[in-house]
Amino acid sequence: MNRTTLKVMLGAAALLGVALTPMLATRTEAAQAAPAAMPGGLDRAALLQLADNYLAALVAHDPGRVPLAADIRIVENVKRIKPGEGMWKTASSGPTDFRIFAADPVSQGVGGIVVMGNEGKPVQFGFRLKVANGRIIEAEHMVVALRDPGIATLQKARPQFAIEIPYEYADSRGRMLHMAKSYYDALDNNNGHLAPFAPDCERHENGMRTAPNGGPSLTPFRLPTPAGAAPAAGPPAPPPATLMGLQDCTAQMDSGAFQYINTIDDRRVEIADTVTGVTIGFSHFHHPMTQKKFRILNNPNRDESDMSNQKPFDMPAMHMCKIWGGQIHEIEAIGISVPLDSPTGWE
Amino acid sequence: MKKNSKAWMPGLAALLAGAAAAGLVATAQGQAAATLDRAQLLKLGDDYLAALVAHDPGKLPLAADVRMVENARRIHAGEGLWKSTTGGPNPDFRILVPDPVSQEIGGMAMMQSDGKPAQVGFRLKLVNGKVSQIEQMLAVPRDTSMPNLTKVRPGIPLEVPYEYADSRGRMLHIAKSYYDALDNNNGHLAPFAPDCERHENGMRTAPSGGPSLSGAAITVPGQPARPASLMGLQDCTTQMDSGTFLYITSIDDRRVELADPVTGLALGFSHFHHEMKQKDFPIVNDPGRTSTTINFGNGPFDLPAMHIFKIWGGQIHEIEAMGFMAPFDSPTGWE
């Protein structure tokens, strides 16, 4: 969050006046209340089965194969769709070996990121299902085409994601939600110490390893192609040799490399799977790009990031975090580039 | 751990075998076995303190083969605190740590023993709803420590909000890591919070030092207060990193089985050994001194100890500890 945003928010707070106080009070209460599993709700195994069935139903183009509520709301790439539309029509093959799931019997949510076929081409498909009384009341889809179908990182999910956490390393559901939420605070505030990143923290975004980043041996990072723009040809050029080696998740955020992210809004972090330590969060990044140059800290080779060529854009995103021992170890993220200030689809 | 702890292993193994056997019994009896929930364990903790005052362990649901240990010695009804307790607990200084999973209740309370203030730590273990082990520890506080023993630090009894409450497994792991950090002189082996504060027998021993505390601070019992120095307050992490606890040879018989995710309190018993073959120890990262001389005057000694940890948000925030000096290589009382 930069200074302009803060001013805007303070202005908004002044406008909202009294209304802000009850909102804050509600948030505090929500953070303190210990939710119990819904009586009669689906257990973890049933939720995971439902996720499998849902993906199979998409491929079969048959919404009748899964228990959809009559008033189900489905959002795909921030647009409201109906059963039979979107991936219900275009899904062409089921998940490959790239499959990451998380199920939460307390919130009755299940979701994941898989690579599957869409109109015959591989896509990353991120989704979340919300269940009430055994029926799906919300489904959120995020479909991201694979930039390079041969990319090594998307042939098979990192094996760590599926590993169950030993008893003394498994965090409570409350802690997991808190840590997954703290990721957005760290990123939005450009302060890597606001989230408990493990030294081995590794983040993939649309299959690209974006942390740890830098260092002479690594694939360079390139921003996503803005909506409507032609994709850049060929692989990004390797960076020049620098003193700076690999930057871990913490140092990368501290450096200011993500100041171009103006705000991260509509954060929905409701799924935490305490068995595998995997959380799911959906959010919506805003980048007005009114500022083009950003100061970079603690890097002897550059003190500025020049993003003059970057057009304004939003990035609805989904992040799955692998959490154990009180730290975030893996992040698998996907996102799509959409026009600035797009609606979320849930309005 | 520097000491060759082989001599202790048979005792430890026996202890572990005993615990495993108890577990097998409980498993064999399956669902029929009576277990106490958190509220029932809390009540049992209060009943235990009242039974001490009444000098009557029979007020508790004792197993036929209950074993009692006080200050590392096997005792029976009518002995130790069962005879000497004259009052208590002070309602303002009473910490209870119930654990329905391990079926244990432990805690710390200020009592009166032979008419004098007594810090009492305890742990009761239940099997099939009956108390099969009672471990109690008595420490007589110094007068100068009494201000810290009249009222429990307010943060200790507070319940932990949902998103800050650690799992039972994490709490046990974090509490155990304290002994690793201390034994290995590496403050980074345990997740100490910046606000970590430790009391030992009522003395605040961390954060320690600092110009404002010179002349009053006691970093290690028996040591003279340090003169003014560049070094300010040392937190739990840097204090351990400095090497100030190198005089602890090993910490054995670590029994960390109680964790209450509601309050974030975990409780551990352990047994410190101090060979004291060495008196001078190097201190690192302190511009005011490069070594410390440890001389408790009594040569080698043991310190059976009990620690209660307040854990939330993945970190240790408060430590309330007590211990007593025993002859070197004392048995634990559980042999």
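Residues numbered from 1 in each chain as written. Chains lettered and ligands numbered in written order. Predicted model: local features only at pLDDT ≥ 70, side-chain atom pairs only at ≥ 80, totals over all residues.

Caption draft 1: How the structure looks around the overall build of chain A. A count of helices and strands for chain A gives six helices and 15 strands. For chain A, the residues scored as buried account for 39% of the 347 residues in total. Counting only contacts in chain A whose residues sit at least 6 apart along the sequence, the fraction spanning at least 24 positions is 69%. (Helix = DSSP H or I, 4+ residues; strand = E, 2+ residues; numbered from the N terminus. Buried ≥ 20, exposed ≤ 12 C-beta atoms within 10 Å, placed from the backbone. Contact = placed C-beta atoms within 7 Å.)

Caption draft 2: Summary view of the interface of chain B and chain A. The interface of chain B with chain A comprises 14 residues on the first partner and 16 residues on the second. Classifying every residue of the side of chain B that touches chain A by side-chain character gives seven nonpolar, four polar and three charged. (Nonpolar A, V, L, I, M, F, W, Y, C, P; charged D, E, K, R; others polar.)

Caption draft 3: Molecular detail of unusual backbone geometry. Between Gly88 of chain B and the following residue, Pro89 of chain B, the backbone shows a cis peptide bond with an omega angle of -5°. Mapped onto the secondary structure, Pro89 of chain B falls in the loop between strand E3 (85-87) and strand E4 (94-99). Phi at Asp266 of chain A takes a positive value of approximately 50°, unusual for a residue other than glycine. Assignment of secondary structure puts Asp266 of chain A in strand E10 (residues 263-273). Exposure remark for Asp266 of chain A: the 16 C-beta atoms within 10 Å place this residue in the partly exposed category.

Caption draft 4: Looking closely at the confidence of the model for chain A. Per-residue pLDDT for chain A averages 87, and the proportion of residues at 70 or more is 84%. Scored below 50 in pLDDT, residues 1-31 of chain A makes 13 contacts in the model with residues more than four places away or belonging to other chains. (pLDDT = per-residue confidence, 0-100.)

Caption draft 5: Spotlight on helix H3 (residues 44-59) of chain A. All names here are of chain A. Compared with an ideal rise of 1.5 Å per residue, which puts 16 residues at 22 Å, H3 spans 23 Å between its outermost C-alpha atoms and is within 8% of the ideal. When H3 is considered as a whole, its buried residues turn out to be Leu47, Leu50, Ala51, Tyr54, Leu55 and Leu58. Considered in projection along H3, the buried side chains sweep an arc of 135° and stay on one side of the axis. Buried residues along H3 sit against helix H4 (87-90), strand E3 (91-93), strand E4 (99-104), strand E5 (109-118) and strand E6 (121-132). At the exit of H3 stands His61, carrying a positive phi of roughly 55°. (Expected span 1.5 Å × (residues − 1). Arc of directions from axis to C-beta.)

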